[in-house]
Amino acid sequence: MKDPRDIIIAPIVSEKSYALIETGVYTFEVHKSASKPEIRDAVESIWGVEVLKVNTLNRKGKRKRTRGTNRVGQKPSQKRAIVTLAAGEIPLFEN
């Protein structure tokens, strides 16, 4: 994976991630096979900031049951990256 925009898929939007943004920690959904150095290079090249630390976690998709037929399906699994910046900020949700 060469292109940094293929590594970073989307920012995570939740109350916890918004609270972490105030401390300089950002949460992203990333490609499943992306490594920590690839994530660091992608964030630094896209937004031009210095990354201090990258933590990753794999979240398994939840099992869901349909209402009428009682069939079981599964939401997709995803990999998340929690990126701590040394200084500066990423303009994610500007109006």
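The rules behind the values
- Residues numbered from 1 in each chain as written.
- Predicted model: local features only at pLDDT ≥ 70, side-chain atom pairs only at ≥ 80, totals over all residues.
- Heavy atoms only, no water.
- Helix = DSSP H or I, 4+ residues; strand = E, 2+ residues; numbered from the N terminus.
- Rg over C-alpha atoms; globule rule 2.2 N^0.38 Å.
- Buried < 20%, exposed > 50% of the residue type's maximum accessible area, 1.4 Å probe, protein only.
- Contact = heavy atoms within 4.5 Å.
- Areas by Shrake-Rupley, 256 points an atom, 1.4 Å probe, with all protein chains shown as cover.
- Lys, Arg positive; Asp, Glu negative; His and termini not counted.
- Charge placed at Lys NZ, Arg CZ, Asp CG, Glu CD.
- Pairing = 2+ DSSP bridges.
- Axes fitted to C-alpha atoms, helices over the stretch in contact; angles between N-to-C directions.
- Patch = residues over 30% accessible without salt bridge, like charges linked within 9 Å, V, L, I, M, F, W, Y side chains within 5 Å.
- Salt bridge = Lys/Arg side-chain N within 4 Å of Asp/Glu carboxyl O.

Draft legend 1. Spatial organisation of the overall build of the protein chain. Helices and strands together make up the secondary structure of the protein chain, namely three helices and six strands. In terms of C-alpha radius of gyration, the protein chain reaches 16 Å, well past the compact-globule figure of 12 Å for 95 residues. Expressed along its principal axes, the backbone C-alpha trace of the protein chain runs to roughly 50 × 30 × 25 Å. Taken across its 95 residues, the protein chain has 28% of its residues classed as buried. Contacts in the protein chain between residues far apart in sequence, at least 24 positions, make up 58% of those at least 6 positions apart. For the protein chain, the accessible surface area stands at approximately 6900 Å², while carbon and sulfur atoms represent 47% of it. Taken together, the 18 basic and 11 acidic charged side chains of the protein chain have centroids lying 18 Å from each other.

Draft legend 2. Inspection of the pairing of strand β2 (residues 25-30) at higher detail. Most of β2 is tucked away: five of the six residues are buried. Of the strand pairs in this sheet, strand β1 (residues 8-11) and β2 are connected by three bridges, and their pairing is antiparallel. What sits directly across from Pro-11, in β2, is Phe-28. Relative to strand β6 (residues 78-87), β2 runs antiparallel, the two being bridged by six bridges. By the bridge assignment for β6, Val-30 is matched with Lys-79.

Draft legend 3. Fine view of the sheet that holds β1. Read from one edge to the other, the open sheet built from four strands follows the order β1-β2-β6-β3, with strand pairing classed as antiparallel. Of all the strands in the sheet, just β1 and β3 (50-59) have a single pairing partner and so form its edges. Within this sheet the neighbouring strands show an average axis-to-axis angle of 35 degrees, counted without direction. Packing against the sheet, helix α3 (residues 36-47) makes contact with β1, β2, β3 and β6, and its axis sits at approximately 125 degrees to β3.

Draft legend 4. Just a positive patch on the surface, in detail. Together, Arg-59, Lys-62, Lys-64 and Lys-75 make up a positively charged patch on the protein surface. Under the relative-accessibility criterion, Arg-59 is labelled partly exposed at 39%.

The analysis is restricted to geometry; functional conclusions fall outside its scope.
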